[in-house]
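Next come the chains, spelled out residue by residue.
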Amino acid sequence: MILYDTLSGKKKDFKPIKEGEVGIYYCGMTLQEAPHVGHMRAALTADILNRYFEFKGYKVKLLVNFTDIDDKVLESAKLEGKDFRELASFYEEEYTRASERLNIQKPALYPRATQHIKEIIELVERLVEKGFGYEVEGNVFFRVRKFKPYGRLSGKKLDELHIGARVSVDEMKQDPLDFALWKAVKPGEPYWFSPWGKGRPGWHIECSAMSTHYLGETFDIHGGGDDLIFPHHENEIAQAEAATEKPLANYWVHNAMLTIKDEKMSKSLQNFIPINSLLEEYDPNAIRLYLLQAHYRRQLNYNREMLKQASSGWEHIKIFLERTRGYEGKPIASYLEEFEKNMDDDLGTPGAIAFVFDLISKANEVSKNDTGDYRETIYLILGTLGFQIEHEESIALGEVLDKILTLRSDLRKEGNYKMADKIRVVLLEAGIAIEDTRDGTTWRVK
RNA sequence: GGCGGCAUAGCCAAGUGGUAAGGCGUCGGUCUGCAAAACCGUUAUACCCCGGUUCGAAUCCGGGUGCCGCCUCCA
């Protein structure tokens, strides 16, 4: 399996640290705003890593973190007149609700910054001891220029950074590039006790502390949105590697941004689509299809038309599965290999999905006896890609519909189309679409 | 200004040296009381432009043009 690694700028063959196991840390979100489609693209990328490694037989340990304390959270809480904990919990709940609906497999853990203050303080202490951190009036800063590899991940040069910089001027910093590991408490703010007095963690430190705490000083994959490459992940590397003198992660995976009208979807631009409102309008599987039909490293534009297209595409798949309901068989090995060939190349979900459509066409050509094998193959692939296929229709509903449809069939034989059509309309109103085909009448839940 | 990425049909999107996947839409056909769906077929002499390398390039090299991301909080 090959993965593109941001640090080396190349596709690299994946080799786990421990045979058969993979540890992944994927940056979730800062709990300051409603989760939007862009956040879900990241969550989905992590989900595909999670599911696909599992499919390949790995034991996966995936962590998706929440930053529930920092400047932005406090600011947002103040604005909404809420306690920051209340605010964070609220958005976290929104996030997990959307994740569930999108059938995103639960990570091993959703670690939160406020639950790891102890680990954070320990890491900051270590950095201070080694001379990478320095304390000024209860604040602790990271000495960026002392960490030589700084800028390697993002390909930035310190002096160039300086030029275009809008680096915050802070009298207390020895160098404008330095960033906060620990912030002294300000009036009215929440705080924790530390060797430097009352205060709270800086923005980047929690990820370094939590990832190494759960996954070890060096782990397999670290991921996140590509807007986090700088400064967030750059700083994470600096903090962790200055302390441990070991690489933080072997592979850096970054998903590209979602844009809307050719602009990045983000809070500051006020152009984001909350995922939960989108979920009210579209089938979660259609949203998943929309996102997975583009490669995760390619910027993707959002608009209604594309969601509509994805909805039609999903209908197509769904109808095939419903039409072949009850067909039995076993997955076809050569086709699964084809699927893997796509996925092994840096998570080629677009190719994998195109292949599913191909398989559906093929399934239509083969004899009824073989259809089951195709169905099972398609089913397995879709499941690995995280599509949710409800396969247990209510028996009672099925029985009732069978009776009604038999009755309607009699009416049609008698030429009573008026009544037959009326039944169709009424059922549609109840959410059941029926279709008359050569082999009889079929039904499906709309 | 620095760094990175992208440019493929009406829309979306794969493909990174061997002659253009797939989806949506369109059009035609089969089926059908009608409807819907399904199925079959159709839809890029061609991959932003100009040069070059090669038997051969969307794919490699050079030069343009346009768009986006990061350099500040952001998935």
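Residues numbered from 1 in each chain as written. Chains lettered and ligands numbered in written order. Predicted model: local features only at pLDDT ≥ 70, side-chain atom pairs only at ≥ 80, totals over all residues. Heavy atoms only, no water.

Can you help me understand the domain arrangement of chain A in this one?
In many reports, interface size means the accessible area that the parts give up when they come together. Entries for chain A in the domain assignment read domain 1 (2-259), domain 2 (306-384) and domain 3 (395-445). Taking the mean C-alpha position of each, domain 2 and domain 3 sit 28 Å from one another. (Domains from an automatic or database assignment.)

It is not clear to me how the pattern of salt bridges should be interpreted in this structure. Could you clarify?
Opposite charge on two side chains makes pairing possible when the charged atoms of those side chains draw close. What the rule picks out here adds up to 31 salt bridges. The partner of D71 in a salt bridge is R200, with the nearest N and O atoms 2.8 Å apart. With D71 in helix α2 (residues 71-80) and R200 in strand β8 (residues 199-201), the pair connects residues that are 129 residues apart, well separated along the chain. Of the residues examined, D71 reaches a relative accessible area of 35% and is grouped as partly exposed. Between D436 and R408 there is a salt bridge, with the nearest N and O atoms lying 3.0 Å from each other. Placement of D436 in strand β14 (residues 432-437) and of R408 in helix α14 (residues 395-413) is noted, with a sequence separation of 28 residues between them. Residue classification places D436 among the partly exposed residues on the basis of a relative accessible area of 33%. Here the salt bridges do not stand alone but share partners, grouping R408, R412, D421, R424 and D436 into one network. (Salt bridge = Lys/Arg side-chain N within 4 Å of Asp/Glu carboxyl O. Helix = DSSP H or I, 4+ residues; strand = E, 2+ residues; numbered from the N terminus. Buried < 20%, exposed > 50% of the residue type's maximum accessible area, 1.4 Å probe, protein only.)

Quick question: what am I supposed to make of the sheet that holds strand β12 (residues 263-264) here?
In any sheet, the strands associate via hydrogen bonds between backbone groups, in a parallel or an antiparallel arrangement. If you trace the three strands from one edge of the open sheet to the other, you get β12-β11-β13, paired in mixed fashion. The sheet is open, and its two borders are formed by β12 and β13 (300-302), each paired with just one other strand. Pairing of strand β11 (residues 258-260) with β13, which is carried by three bridges, proceeds in the parallel orientation. Paired with I260 across the two strands is Y302, which belongs to β13. Strands in contact with helix α9 (residues 284-292) are β11 and β13; relative to β13, the strand with the most contacts, it is inclined by about 140 degrees. (Pairing = 2+ DSSP bridges. Contact = heavy atoms within 4.5 Å. Axes fitted to C-alpha atoms, helices over the stretch in contact; angles between N-to-C directions.)

What exactly am I supposed to notice about the packing of helix α11 (residues 333-344) against helix α13 (residues 368-384) here?
Angle between the axes and distance between the axes are the two parameters that describe a pair of packed helices. Contact pair α11 / α13: the axes reach a minimum separation of 10 Å and the direction vectors enclose 25 degrees. Here α11 is positioned roughly parallel relative to α13, judged by the angle of their axes. Read as a crossing pair, α11 and α13 show a hand that is right-handed. Side by side, α11 and α13 meet where Y335, L336 and F339 of the first sit next to Y374, T377, L380, I381 and T384 of the second. The class makeup of the residues in the contact of α11 with α13 is six nonpolar, two polar and no charged. (Parallel < 35°, antiparallel > 145°, perpendicular 65-115°, else oblique. Left-handed = near helix turned anticlockwise from the far one by under 90°. Nonpolar A, V, L, I, M, F, W, Y, C, P; charged D, E, K, R; others polar.)

Where do I start with the protein's contact with RNA strand B in this structure?
Looking at RNA strand B, there are 59 residues lining it, with K72, W203, G225, L228 and Q299 nearest. Those atoms of RNA strand B that come within 4 Å of the protein belong to sugar or phosphate at a rate of 65%. The separation between a phosphate oxygen of RNA strand B and a polar side-chain atom of H39 is 2.6 Å. The contact in question runs from a phosphate oxygen of RNA strand B to an N or O atom on the side chain of W203, over 3.1 Å. Grouping the amino acids of the surface near RNA strand B by side-chain chemistry returns 20 nonpolar, 21 polar and 18 charged. (Near = heavy atom within 4 Å. Polar contact = N/O pair within 3.5 Å; in protein donor to acceptor, adjacent residues only side chain to side chain.)

Any chance you could explain the nonpolar core here in plain terms?
Nonpolar side chains tend toward joint burial in soluble globular proteins. Membership of the largest hydrophobic core comes to 125 residues, with the highest contact counts inside it found for F53, F142 and L385. The element contributing the most residues to this core is helix α1 (residues 37-55), with 10 residues. Split by domain, this core shows at least three residues from each of two domains, domain 1 (2-259) and domain 2 (306-384). (Core = buried A, V, L, I, M, F, W, Y, C linked by side-chain atoms within 4.5 Å.)

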